[in-house]
Amino acid sequence: MLDEFIHLILPSIIAIIELIGIFVVAVSAVQGFYYYLRGLFGHKDHNVKLDLANGMATGLEFKVASEILKTVLVRDLNELLVLGSVIILRALLALLIHFEMKTSEEHGG
């Protein structure tokens with residue numbers, strides 16, 4: 001009974017978490033573009049690259065969370081391998097973004 005409930009409700013939860021991740025990345029991109037244009041025409045100094053990287057990293061964290069939840073729904077080994085690969089790739093991408101953010105902060109933008 002609990003297993004049926006989990007399989008019924010979990011896809012909706014996963015979809016909501018993925019939408020949150022997409023929303024975070026989209027808002028970060030629009031905000032980054034706004035600050036880029038503002039700096040281009042108004043000569044206002046703002047670290048657009050760091051803000052955008054931070055938004056992408058946060059969005060990726062939501063996407064990884066949804067992938068982890070998908071492991072509950074896995075039925076066979078092939079699905080688990082694909083899911084594991086996606087989780088590893090997203091985690092590596094998040095690590096690269098965090099490294100880029102740290103490097104950018106150390107060099108002052």
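The rules behind each value
- Residues numbered from 1 in each chain as written.
- Predicted model: local features only at pLDDT ≥ 70, side-chain atom pairs only at ≥ 80, totals over all residues.
- Heavy atoms only, no water.
- Helix = DSSP H or I, 4+ residues; strand = E, 2+ residues; numbered from the N terminus.
- Expected span 1.5 Å × (residues − 1).
- Bend = angle between axes of the 7 residues up to and from the residue.
- Buried < 20%, exposed > 50% of the residue type's maximum accessible area, 1.4 Å probe, protein only.
- Contact = heavy atoms within 4.5 Å.
- Patch = residues over 30% accessible without salt bridge, like charges linked within 9 Å, V, L, I, M, F, W, Y side chains within 5 Å.
- Areas by Shrake-Rupley, 256 points an atom, 1.4 Å probe, with all protein chains shown as cover.
- Salt bridge = Lys/Arg side-chain N within 4 Å of Asp/Glu carboxyl O.

(A) Structural context of helix 1 (residues 2-42). With 41 residues, helix 1 extends 58 Å between its outermost C-alpha atoms, agreeing within 8% with the 60 Å of an ideal straight helix rising 1.5 Å per residue. Of all the bends in helix 1, the greatest reaches close to 35 degrees and is centred on Ile9; the proline Pro11 follows between one and four positions later. Buried within helix 1 we find Leu10, Ile14, Ile17, Glu18, Gly21, Val24, Ser28, Gly32 and Tyr35. Buried residues along helix 1 sit in contact with helix 2 (48-70). One or two steps after helix 1, the chain reaches His43, where phi turns positive at roughly 55 degrees.

(B) Quick peek at a nonpolar patch on the surface. Together, Phe33, Tyr36, Leu37, Leu40 and Phe41 give the surface a local cluster of nonpolar side chains, amounting to about 540 Å² of exposed area. As for its position among the elements, Phe41 is in helix 1.

(C) Looking closely at helix 2. Taking 1.5 Å per residue, 23 residues should reach 33 Å; helix 2 reaches 33 Å between its end C-alpha atoms and fits that length. Looking at the buried positions of helix 2, the neighbouring elements they touch are helix 1 and helix 3 (77-106).

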